[in-house]
Amino acid sequence: MPIAAAHCIEPGTKDFSVTPVTTSTERTGASREFESQVLSVEPIMGDAVLLTVSAPSGVLSHLQPGQFFNIVTRFSGSFDPLLRRPYSVYRAHRDPPALTFLVRPFGRGSAWLAERVPGERLGMLGPLGNSFTIPSRAQRLLMIGGGVGVAPLVMLSDEAAAENRDVVFVMGAADEAGLLAASELADRVEYLVATDDGSRGHRGLATEVVREFVQWADQIYACGPEPMYRTLRAVIEPLRINRRPSVQISVERGMACGLGACLGCVVETTHGMIASCVKGPVFDLDEVIL
Amino acid sequence: MTKADLSVDLAPANPHELRLQNPVIAASGCFGYGEEYAGVIDISRLGAFVSKGITPARRSGNPMPRIVESPAGMLNAIGLQNPGIHGFVKKYPPMWAKWTVPAIVNISAESVNDYAMMAGILDEQPAIAAIEINVSCPNVAHGGYCFGWDPDMSAEVTRAVRSATTLPIIVKLSPGASDIVSVAVAVEEAGADAISLINTLVGMAIDVRRRRPLLANHTGGVSGPAVKPIAVRMVYQVAAAVRVPVIGMGGIMGLNDALEFFLAGATAIQIGTGIFVDPGLPIRLIDDLAGWLDDEGFSSLEQIVGIANDGFRLGQRPMLADWESVGV
């Protein structure tokens, strides 16, 4: 359970006046450096892959949706590209313990990673960051994913479905090839799509699809490019009452240390410049200055 | 099977001493205040760590982007985000008092008085093993010219800090100085117990798509393997010209890199960027160094310091090359 659950109201109590905590504000569990072995690499969403790697079981025991790992994306002995790349966990597997990441070749690091084959070894650091949290009384969850931003929302929706919550999962992509297959999500999840070119689902943005669900939802989650968050803010503002439901977003930043030491990954918030690898990458949309 | 002695004394003339169990130090800006890495590596094994740079006032730092990758390295323009001297002393010395690893505080300021002010405050704190003075800062009284580029300005800062504290003082030199040896000699004369180098080089990267600098600050400090040859050369030159211990840093990613610095004349080393990509590096390096010394038949680290440097501690300015060998 997330550390911040201490603030959530447990079913059966009479006091409903306390504001549910919307994010786990600190990194949960100790981060570790370890070596993984690539187990499988499967194409998905056009040019992306699902990369599954082994993991020590101790790493999985505290893992929460929204957390990420910093992965070395070069051969041993090489210094380019130097810095590790952050990848949110798409799915965690128990037996044998493994982690799946969604990797789209975009730059040199991601292109290298997407070319790995089973048997190769990868340097890993994590789990890092805080996580999405599901307030115990939130039954109706609205999730919005843009492109590869869906990755942490897949892990989140798996958890929500396992807890018998009602999930509406909206995904936006440039075209049909960039969409997640419905089979990747749990059966009870209602899955809606939007494509820029109209090749599948709503022609336009995912944020246009979410309008009708804003007031239905107890909690909203979003992960995608930053312009999507600005649009989302504009779409939901007239539909919320007293800033409810709140929106948990996951922000993407280039990383150096991943542990809150270098301050290279900060997000500007109403509380100041916050390292997105410790008290992030999940933030309350109302606190982030975009 | 005897294990080589890795211990080093970085302030032999200072009554406080700065004796470290080994020569591997985590560099400022790359290790936070120690707590960030405490769950990931066994920090008690480090020779010491240097905290993030502290300034007189609280600073929120630069806008993003603050970091950019560069060939075999990176640029950073964090902007010295830190709680300020008063916020710092409330939280960190009490925390460090419970640890065994020596903690060195890095200080940055824009006036001689501010350096002295912070040193005076730190002089009264528990659990601080030494002060590292970052002179790669603009001297506001002189048009923002960098202290570290001028021997006299660097000496003035060192003297002011020396007057304000009895703690061991390390002066961290800037590679931007046109003559880093003059700066090193000047700060030694002014009372530095040790000298560390190099700080980052000033660099830039441009986003070809947006046609703008990639860093919000435009320029940033270059670090990582790319800077190693420059760092080794400067350590070599400085270690010949001064007699105080020299602490070398710049792109150390493994044993061979570390050895280059020791052989050039460094008594200790700092690891900065290397820790980001390889948190296990400092501790692995300590073990690898001990193993190498044993294999090579050395009984202590001291025995290899400066042995590749003909001018080591001779107080001379070594001529690195003649025109013919340079190919001119």
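Parameters at a glance
- Residues numbered from 1 in each chain as written.
- Chains lettered and ligands numbered in written order.
- Predicted model: local features only at pLDDT ≥ 70, side-chain atom pairs only at ≥ 80, totals over all residues.
- Helix = DSSP H or I, 4+ residues; strand = E, 2+ residues; numbered from the N terminus.
- Rg over C-alpha atoms; globule rule 2.2 N^0.38 Å.
- Buried ≥ 20, exposed ≤ 12 C-beta atoms within 10 Å, placed from the backbone.
- Contact = placed C-beta atoms within 7 Å.
- Domains from an automatic or database assignment.
- Nonpolar A, V, L, I, M, F, W, Y, C, P; charged D, E, K, R; others polar.
- Pairing = 2+ DSSP bridges.
- Axes fitted to C-alpha atoms, helices over the stretch in contact; angles between N-to-C directions.
- Expected span 1.5 Å × (residues − 1).
- Core = buried A, V, L, I, M, F, W, Y, C linked by C-beta atoms within 7 Å.
- pLDDT = per-residue confidence, 0-100.
- Arc of directions from axis to C-beta.
- Parallel < 35°, antiparallel > 145°, perpendicular 65-115°, else oblique.
- Left-handed = near helix turned anticlockwise from the far one by under 90°.
- Right-handed = clockwise from strand over helix to strand, strands pointing away.

Caption draft 1: Representation of the overall build of chain A. Scanning chain A for helices and strands turns up 5 helices and 17 strands. For chain A, whose C-alpha radius of gyration is 18 Å, the value lies close to the compact-globule estimate of 19 Å for 290 residues. Principal-axis analysis of the C-alpha atoms places the extent of chain A at approximately 55 × 45 × 35 Å. In chain A, which comprises 290 residues, the proportion classed as buried is 50%. Of the contacts formed within chain A by residues at least 6 apart in sequence, a portion of 66% connects residues at least 24 apart.

Caption draft 2: Main features of the overall build of chain B. Each helix and strand counted, chain B has 10 helices and 18 strands in total. Based on the C-alpha atoms only, the size of chain B along its principal axes is roughly 55 × 50 × 40 Å. Here chain B, with 328 residues, has 55% of them falling under the buried criterion. Looking at chain B alone, contacts between residues at least 24 apart form 71% of all its contacts between residues at least 6 apart.

Caption draft 3: Here's a closer look at the domain arrangement of chain A. All names here are of chain A. In terms of domains, chain A is made up of domain 1 (32-128) and domain 2 (132-248). Centre-to-centre, using C-alpha coordinates, domain 1 lies 24 Å away from domain 2. Taken residue by residue, the interface counts 12 residues in domain 1 and 13 residues in domain 2. Sort the elements by how many residues they give to the side of domain 1 that touches domain 2 and strand β5 (residues 85-93) lands first, with 5 residues. Its residues assigned to classes, the side of domain 1 that touches domain 2 shows 7 nonpolar, 3 polar and 2 charged.

Caption draft 4: Structural detail: the sheet that holds strand β10 (residues 166-173) of chain A. All names here are of chain A. With mixed pairing, the 7 strands of this open sheet are ordered in space as β12-β11-β10-β9-β13-β14-β17. Edge positions in the sheet fall to β12 (202-203) and β17 (282-284), since each of these pairs with one other strand and no more. Running at roughly 155° to strand β13 (residues 219-223), helix α5 (residues 226-236) makes contact with β9 (140-146), β13 and β14 (247-250) of the sheet.

Caption draft 5: Inspection of unusual backbone geometry at higher detail. Residues and elements named next belong to chain A. Cis geometry is found at the peptide bond from Arg244 to Pro245, where omega equals 0°. Within the secondary structure, Pro245 is located in the loop between α5 and β14. Residues other than glycine seldom take positive phi values, yet Asn242 does so here, at roughly 50°. Structurally, Asn242 can be placed in the loop between α5 and β14.

Caption draft 6: Main features of helix α6 (residues 228-241) of chain B. Residue and element names in this part refer to chain B. Across its 14 residues, α6 extends 20 Å between first and last C-alpha, which sits within 8% of the 20 Å expected from 1.5 Å per residue. Counting buried positions over the 14 residues of α6 gives 11, a clear majority of the element. The inward-facing, buried residues of α6 abut α5 (180-189), β12 (194-197), β17 (246-248) and α7 (255-264).

Caption draft 7: Spotlight on the nonpolar core. Counting 203 residues, the largest nonpolar core has Ile25(B), Phe49(B), Ile195(B), Val235(B), Val238(B), Ala266(B) and Ile269(B) as its most contacted members. At 9 residues, α6(B) tops the list of elements feeding residues into this core. Viewed by domain, this core spans two of them, domain 1 (32-128) and domain 2 (132-248) of chain A, each represented by three or more residues. Once residues lying within four places of it in the same chain are set aside, the contact partners of Ile269(B) are Pro23(B), Val24(B), Ile25(B), Ile247(B), Gly248(B), Met249(B), Ile252(B), Ala258(B) and Phe261(B).

Caption draft 8: Region of interest: the confidence of the model for chain B. Mean pLDDT for chain B: 95, with 96% of residues reaching 70 or above. Two numbers describe this predicted complex: its pTM, 0.93, and its ipTM, 0.94.

Caption draft 9: Layout of the interface of chain A and chain B. At the interface, 24 residues of chain A touch 27 residues of chain B. For the side of chain A that touches chain B, the secondary structure elements donating two or more residues are β2 (32-44) and β16 (272-275) of chain A. Counted by class, the side of chain A that touches chain B contains 15 nonpolar, 5 polar and 4 charged residues.

Caption draft 10: Looking closely at the sheet that holds strand β6 (residues 73-76) of chain B. All names here are of chain B. With respect to topology, 4 strands assemble into an open sheet ordered β5-β6-β16-β13, the strand pairing being antiparallel. Looking at the sheet topology across the chains shown, the edges are occupied by β5 (67-70) and β13 (201-204). Sheet twist, expressed as the mean angle between neighbouring strand axes with direction ignored, is 40°. The pairing of β6 with strand β16 (residues 219-223) spans 3 bridges and is antiparallel. Across the sheet, Met74 pairs through a bridge with Ser223, a residue of β16.

Caption draft 11: Structural view of helix α3 (residues 112-123) of chain B. All names here are of chain B. Here α3 contains 12 residues, and its C-alpha end-to-end distance of 17 Å stays within 8% of the 16 Å for a straight helix at 1.5 Å per residue. For α3, the complete set of buried residues consists of Asp114, Tyr115, Met118, Ala119 and Leu122. Along the axis of α3, the buried positions cluster into a sector of 135°, meaning they face one direction only. Looking at the buried positions of α3, the neighbouring elements they touch are α2 (84-96), β7 (103-107), β8 (130-134) and α4 (151-164).

Caption draft 12: Spotlight on the packing of α6(B) against α7(B). Residues and elements named next belong to chain B. Running from amino to carboxyl end, α6 crosses α7 at an angle of 20°, the nearest separation of the two axes being 8 Å. Considering the angle they form, α6 stands roughly parallel to α7. The handedness of the crossing between α6 and α7 comes out as right-handed. Between α6, through Lys228, Val232, Val235, Tyr236 and Ala239, and α7, the contact on the second element is made entirely by Asp257, Glu260, Phe261 and Ala264. Class assignment of the residues belonging to the contact of α6 with α7 gives a composition of 6 nonpolar, no polar and 3 charged.

Caption draft 13: Expanded view of the environment of Asp187(A). Note on placement: Asp187(A) falls in the loop between β10 and β11 (190-195). Each C-alpha atom of the pair Asp187(A) and Asp158(A) lies 9.8 Å from the other, and the pair is 29 residues apart in sequence.

Caption draft 14: Representation of the pairing of β12(B) in the model. Residue and element names in this part refer to chain B. Neither face of β12 is open: one carries Ala194 and Ser196, the other Ile195 and Leu197, and all of them are buried. Both strand β11 (residues 169-172) and β12 contribute to a ladder of 3 bridges, which runs parallel. Directly across from Lys172, in β12, lies its bridge partner Ser196. As a crossover connection, the stretch from β11 through α5 into β12 is right-handed. Sheet topology note: the β12/β17 ladder contains 3 bridges and is parallel. Bridge pairing in β17 links Ser196 to Ile247.

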